Each structure stands twice: as structure tokens, then as C-alpha cells.
2 protein chains.
Amino acid sequence: MELISENRAFGGRHLRYTHDAKSTNCSMTFAIYLPPFASAEKPVPVLYWLSGLTCNDQNFMQKAGAMKLAAELGMAIVAPDTSPRGEGVPDNENGAYDFGLGAGFYVDATQTPWKAHYQMYSYVTEELPSDVEQHFPVTKERAISGHSMGGHGALVAGLRNPNRYVSVSAFSPVSNPSDCPWGQKALSQYLGDEQSAWDEYDAAKIIASKNHAIPLLVEQGNSDEFLSEQLKPLALVQAAQQSDTQLTLNMHEGYDHSYFFIASFIEDHLEFHAGHLGLI
Amino acid sequence: MELISENRAFGGRHLRYTHDAKSTNCSMTFAIYLPPFASAEKPVPVLYWLSGLTCNDQNFMQKAGAMKLAAELGMAIVAPDTSPRGEGVPDNENGAYDFGLGAGFYVDATQTPWKAHYQMYSYVTEELPSDVEQHFPVTKERAISGHSMGGHGALVAGLRNPNRYVSVSAFSPVSNPSDCPWGQKALSQYLGDEQSAWDEYDAAKIIASKNHAIPLLVEQGNSDEFLSEQLKPLALVQAAQQSDTQLTLNMHEGYDHSYFFIASFIEDHLEFHAGHLGLI
């Protein structure tokens, strides 16, 4: 694990690292915010944040305004990259922003050529937490959140692994990827045309399949330019009704898809997770 | 004045505009954050923020984490660009980041070819406030702050215009530009080799020249990579002692030159200005 940079922030430390990841078969970059006083004697729980299309490990750390409250709560935040990168990692051929580099969709790809590196589900749910817990003063208590494609990733990771996360939340998630252009484009190429393989990466379908007990919080702006075509959060609500799963969806008048929306409500999500992590 | 984009944030609005500026003789872009409930009936005071080298109107808005408290305090924030831009605006010839585009140093240039557009001092102290006060629900109560080159700009603007600003603050300012490489490079080209012309753009010299009554607050990290060669905040302290001017310089262990430093202490500065603007 190699340190790229370090910044003091709100009394804690913002650190960027690269490490060789087995799951994605390449070097991966991630960022971690460690609150003040985190130490081997006083390890802290971790909120994992999964970013959206085109992002990397830095968007959330620079723009969300999350560090102040994380410092006060004593919560670490880990932000991975949104895809494998580097020499030999295939990308889409036409420069599209919604598939390939920066657009791993947090799935374990099964199709050539993607499967050799695009194993982001295993990376974010297993390998990264394992490495983080080995190298930093953190506990094994985890929560997960994310935005847009990363909101999809967080919901899927949390719903499928209630033993690994105490709570899951999302901002403007791609809620039903089997039923939107971004999801159909990505899932068909990463997982193949057999749509049954998509079900385990579709939050609405996972929620509908059975009752889920993990605490779920979703934030959505009603002026989000992707709301009706790509995000479809009402699919989550319908699925939750179907399986009697408890889910809170907060709709916000006038808010869009940007980090200004995330920043406006990130502290509500930190407090939600802090409650389930036993910090408040 | 033309609206480029609008985002709801913390119940208020983040707006970007272009307008034709007479002082810089080109179209200028700026951003304004209007807190909730700002209206013609209830206009709000304005904090002007001047950014550093390579920045534009967006760095502060996206990374400083200032909007939450500005919304609570009822304070607008205006962030101009850091230089004139566009067709016909000259740039340095070797792609250097510290002179030309993105590096206007908030001076009114007197030298060819710079003087035709690089009139950033007049733009930020006169034309921009005048246009802002004409178009938005704001009062004529102003405070000013900035970072690095923009910290220099804020100090100079505030010290020279105590009738226009109620308070001035800076993060990691270029405190004594006559005595550092960034300043010498920029001032010699914008203002010519006659160093007496530089004095009115050198915060340390302005402070030393006479007693100043405007409230002054400066924040500085002691792990700032530019501290000893470019920033030299102790020159401000020495100048303040010389003229019996009251100045607070807070040095912070381990903090660097980044926006993580600004974010960590921006709320202290908003409260400082809010006190002088009569908001608290």
C-alpha cells in the first residue's frame, strides 16, 4: 500500500493510497478520511462511499463537505475509485462516459474483455474493506452510501451483505438498472444479455425479492435531470411495499443531481449511519 | 447579465453568470450563493471571495463547504474569476500557472499588453459589486476574503477600501508580493519594473504605511509548501506592529495549502465577517 498524498483536515487526515488489488487485477487508488484521535487503541467505524459515473476517489472528499461532522462523530470515510484503471484495462471504444473507465457499476463482470479487471463488486465489498481494516485504525463496523451509479452500488452491496454493513443509504441512486438506459447498457456488456444475471445487481429487484431488515435511507432531488429516465426511485418504494421492507425516501423540491445536493444533506446521512454504528 | 447554471444548495441558490465587464473589457464569469429567504424586501450582505492561482469562480463554491453556515447566517457569497479570459485576452507564452490567465493578481495592469484587460482590482472592488448590487437582493454591506493570490487580493482590496468593506480575512495569503517570486514575476510584468508602483498592491507595505482600523484575520497552515518562499505571513505581523494595526494571524500545525485547510476553518471566517456585518 503506497501513500500518494496526505492533507490535514478538520483535525484529522485525508490520505490517498494506491494498492495492488487481486480482485480487479490492477493497481487501485482510494482515499480515506481518518478523524482526529483514531488510533489502534481507539479504532473507528467506517462509512464507505461509492461515487457516480466519471468520478474517482476525490469527488466526494473534495465536494461533499462530510469531513467536519465525520471528525466530530469519530467516523472514518473510505472512497474507492469507480472502476479499475491503468495499462491493460479495457475501456469503451467511443469515449462514452457511462461505460468502461469511471463506470464500473460495482458489478463483477462475467463477459470478455471486461471480466479480467471489472470486478468492482468484490473489490468494494471484500478486498478493499479487508485491506483497510488491516492497515488503518478502524473497526469492522461498516456502513455504505453512494451517489447515482454509486447509490446503486451502495444499495446492492448493503442489501446483499447485511452481515457486512450496519446501514445503507444513497443519494439519487440508479434504483432499477434493469429498466433504464445506463443500467441496460452496462449490465448487458458486463454481465451478458441473460437478464436473470442482472437481478442480483438491481436494488429494486433485490428489495422486492424478500423482506430486508438493514436500515435504508434514500435522498432524491425532484429537479434531478436524470430522475425519470435513469434513477426511478419510486421503483424502490414499490419494491419495499411488495416485500414489507422498511425504506425511507426523502424527495427534495428543486434539488438536482449535483454535489450541491449531496452536500446539502450529507450530514443527515452521516447521522443516520452514526446511529447504527453506535456513535450517537 | 446571463445565467449559466443554477443549483439549489442548503435551501438557497448557487448561480453562475457571465456579464460584459467594462473594466476588464471582456465577458467575465462569476458565481453567487444566495441564502434562503434573500429577497428584495430582505436583502442580505455579501462576502466576496477571491481565489488563488489557476482557480476560477467554482473552486470555492464546490470545495470550501461554506454554504451551510452562509445559509444559516443569511449571507451571500460572490466568487469572481481570477483573471480576464476569452478571445483577445493575452496569456503568458510558456504555459506557466503563475502569470496571465488564472493569475490576474487582482491588480490594474499598467503595462502593454496586459493593461487592455487585466484590470482585476477595479473589477473586484468596483464593477462587480456594483453589478451584483444592481441585480441581486443584497445590501451594500460587504466583507472580503480569499486564498493565496486571492488572500493577497482580499487584503489589498480591504485595506485600501475600508469604506467599502466592513472586514477582511485571508487564508494563506501572498503577504508581501514585492518580496517573493510569484509577486515579483507578476507585479513586474503587470506594473513595470518601478517598484514604487508595487507598493499599493503589497499588503505588508500597506499595513506598515499607517494604522488601519479595518478588522483583519489571517489563517495559515505551518505545513504549507509555499509558506517560506511565497507567502511570508510574518511580514504582516511585523508590518502591523510597525503601524500599531490590529491583526490576528492563526498558525495551524500540520495544515497545507489545499482546500482541505480552507474548509477546516472557513466557518471561523464566516462568523468573523458575520459579526462585522451585523448578522450575529
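Details of the structure are given in the entry above.
Throughout what follows, the structure given in this document is the object of discussion. In this text the structure is predicted, and so the values were computed from the model without any measurement.

Cut-offs applied
Residues numbered from 1 in each chain as written. Chains lettered and ligands numbered in written order. Predicted model: local features only at pLDDT ≥ 70, side-chain atom pairs only at ≥ 80, totals over all residues. Heavy atoms only, no water. Helix = DSSP H or I, 4+ residues; strand = E, 2+ residues; numbered from the N terminus. Rg over C-alpha atoms; globule rule 2.2 N^0.38 Å. Buried < 20%, exposed > 50% of the residue type's maximum accessible area, 1.4 Å probe, protein only. Contact = heavy atoms within 4.5 Å. Areas by Shrake-Rupley, 256 points an atom, 1.4 Å probe, with all protein chains shown as cover. Lys, Arg positive; Asp, Glu negative; His and termini not counted. Charge placed at Lys NZ, Arg CZ, Asp CG, Glu CD. Pairing = 2+ DSSP bridges. Polar contact = N/O pair within 3.5 Å; in protein donor to acceptor, adjacent residues only side chain to side chain. Least-squares fit on C-alpha atoms with pLDDT ≥ 70 in both. Buried area = accessible area lost by both parts, 1.4 Å probe. Salt bridge = Lys/Arg side-chain N within 4 Å of Asp/Glu carboxyl O. Nonpolar A, V, L, I, M, F, W, Y, C, P; charged D, E, K, R; others polar. Arc of directions from axis to C-beta. Expected span 1.5 Å × (residues − 1). Bend = angle between axes of the 7 residues up to and from the residue.

Here we come to the overall build of chain A. Per the secondary structure count, chain A includes 9 helices and 9 strands. Compactness check: chain A gives a C-alpha radius of gyration of 17 Å against a globular reference of 19 Å for 280 residues, within 12% of the reference. Principal axes of the C-alpha set define a box for chain A whose edges measure 50 × 40 × 35 Å. Across the 280 residues of chain A, 64% fall into the buried class. Considering only intrachain contacts with a sequence separation of at least 6, the fraction spanning at least 24 residues in chain A is 72%. In the structure as shown, chain A presents an accessible area of about 10,500 Å², 45% of it carried by carbon and sulfur atoms. Distance from the positive charge centre (17 side chains) to the negative charge centre (33 side chains) of chain A: 6 Å.

This part is about the pairing of strand β6 (residues 138-146) of chain B. Along any regular strand, the residues point their side chains to alternate faces of the sheet. Residues and elements named next belong to chain B. With respect to burial, β6 is a largely interior element, 7 of its 9 residues being buried. Of the strand pairs in this sheet, strand β4 (residues 44-50) and β6 are connected by 6 bridges, and their pairing is parallel. Bridging from a neighbouring strand, Leu-50 pairs with Gly-146 of β6.

Residue and element names in this part refer to chain B. Where strand β1 (residues 2-9) and strand β2 (residues 12-21) come together, 7 bridges link them in antiparallel fashion. Each bridged residue has a counterpart across the sheet, and for Asn-7 the counterpart in β2 is His-14. Hairpin connection from β1 to β2: 2 residues lie between these consecutive antiparallel strands, with Phe-10 at a positive phi of about 50 degrees.

Here the focus is the side chain of Ser-23 of chain B. Residues and elements named next belong to chain B. Its location among the elements puts Ser-23 in the loop between β2 and β3 (26-34). Classification of Ser-23 by relative accessible area gives buried; the value is 18%. Among the polar contacts made by the side chain of Ser-23, one reaches the side chain of Glu-127 at a distance of 2.5 Å. Apart from the residues within four sequence positions on either side, Ser-23 is in contact with His-117, Gln-119, Ser-122, Tyr-123 and Glu-127.

Glancing now at the relation of the copies chain A and chain B. By a simple turn and slide, chain A fits onto chain B: the slide is 0.0 Å along the axis, the RMSD is 0.0 Å, and the turn is 180 degrees. Put plainly, the chains are arranged around a two-fold axis. Interface residue correspondence from chain A to chain B reaches 100%, placing this contact among same-surface, isologous pairings.

Let us now look at the interface of chain A and chain B. The partner chain B presents 23 residues to the 23 residues of chain A that form the contact. The junction of chain A with chain B conceals about 1,800 Å² of combined surface from both sides, 54% of it contributed by carbon and sulfur atoms. The interface formed by chain A and chain B contains 2 salt bridges. At the level of secondary structure, the elements contributing two or more residues to the side of chain A that touches chain B comprise β1 (2-9), α1 (58-63), α2 (67-73) and α9 (259-276) of chain A. With 5 residues, α9 of chain A is the largest single contributor of residues to the side of chain A that touches chain B. Here the side of chain A that touches chain B is built from residues that sort into 8 nonpolar, 8 polar and 7 charged.

Let's shift gears to unusual backbone geometry. Along the chain, Thr-112 of chain A connects to Pro-113 of chain A via a cis peptide bond; the corresponding omega equals 0 degrees. Mapped onto the elements, Pro-113 of chain A comes out in the loop between β5 (76-80) and α3 (120-135). One non-glycine residue with positive phi stands out, namely Ser-148 of chain A, at about 60 degrees. Relative to the assigned elements, Ser-148 of chain A resides in the loop between β6 (138-146) and α4 (149-160). One non-glycine residue with positive phi stands out, namely Phe-10 of chain B, at about 50 degrees. Within the element layout of this structure, Phe-10 of chain B appears in the loop between β1 and β2.

On to helix α8 (residues 234-243) of chain A. Since the α-helix advances by 3.6 residues per turn, residues separated by three or four positions end up pointing in the same direction. All names here are of chain A. Buried within α8 are the following residues: Ala-235, Leu-236, Ala-239, Ala-240 and Ser-243. The buried side chains of α8 occupy one side of the element, clustering within an arc of 135 degrees when seen end-on. Across from the buried face of α8, at angles greater than 90 degrees, the exposed residues are Leu-234, Gln-238 and Gln-241. On the buried face of α8, the contacting elements are α4, α6 (203-209) and β8 (216-221). Looking one or two residues beyond α8, the residue adopting positive phi is Asp-244, at roughly 55 degrees.

Looking at the secondary structure, you find His-252 of chain A in strand β9 (residues 248-252). Setting aside anything within four residues of it in sequence, one finds His-252 of chain A in contact with Glu-219, Gln-220, Gly-221, Asn-222, Phe-261 and Phe-265 of chain A.

Turning our attention to helix α9 (residues 259-276) of chain B. Residue and element names in this part refer to chain B. The terminal C-alpha atoms of α9, which comprises 18 residues, lie 25 Å apart, in line with the 26 Å expected from a rise of 1.5 Å per residue. Of all the bends in α9, the largest measures some 50 degrees and sits at Phe-265. Burial of α9 is extensive: 14 of the 18 residues sit out of reach of the surface. With a side-chain oxygen lying 3.1 Å from the backbone nitrogen of Phe-260, the N-terminal cap of α9 falls on Ser-258. Residue Gly-278 follows α9 closely and has a positive phi angle near 80 degrees.

Below, the discussion takes up the environment of His-152 of chain A. Mapped onto the fold, His-152 of chain A is located in helix α4. Contacts of His-152 of chain A, omitting those with residues within four sequence positions, involve Phe-105, Pro-173, Val-174, Pro-177 and Tyr-201 of chain A.

Glancing now at the pattern of salt bridges. Residues and elements named next belong to chain A. Per the counting criterion, the structure on display carries 19 salt bridges over all chains. Between Asp-98 and Lys-185 there is a salt bridge, with the nearest N and O atoms lying 2.6 Å from each other. Of this pair, Asp-98 sits in the loop between β5 and α3 while Lys-185 sits in helix α5 (residues 181-191), and the two are 87 residues apart along the sequence. Between Arg-160 and Glu-200 there is a salt bridge, and its shortest N-O distance comes to 3.4 Å. Here Arg-160 is found in helix α4, whereas its partner Glu-200 is found in the loop between α5 and α6, with 40 residues between them in sequence. With relative accessibility at 27%, the residue Arg-160 sits in the partly exposed group.

Structural measurements only, silent on function.
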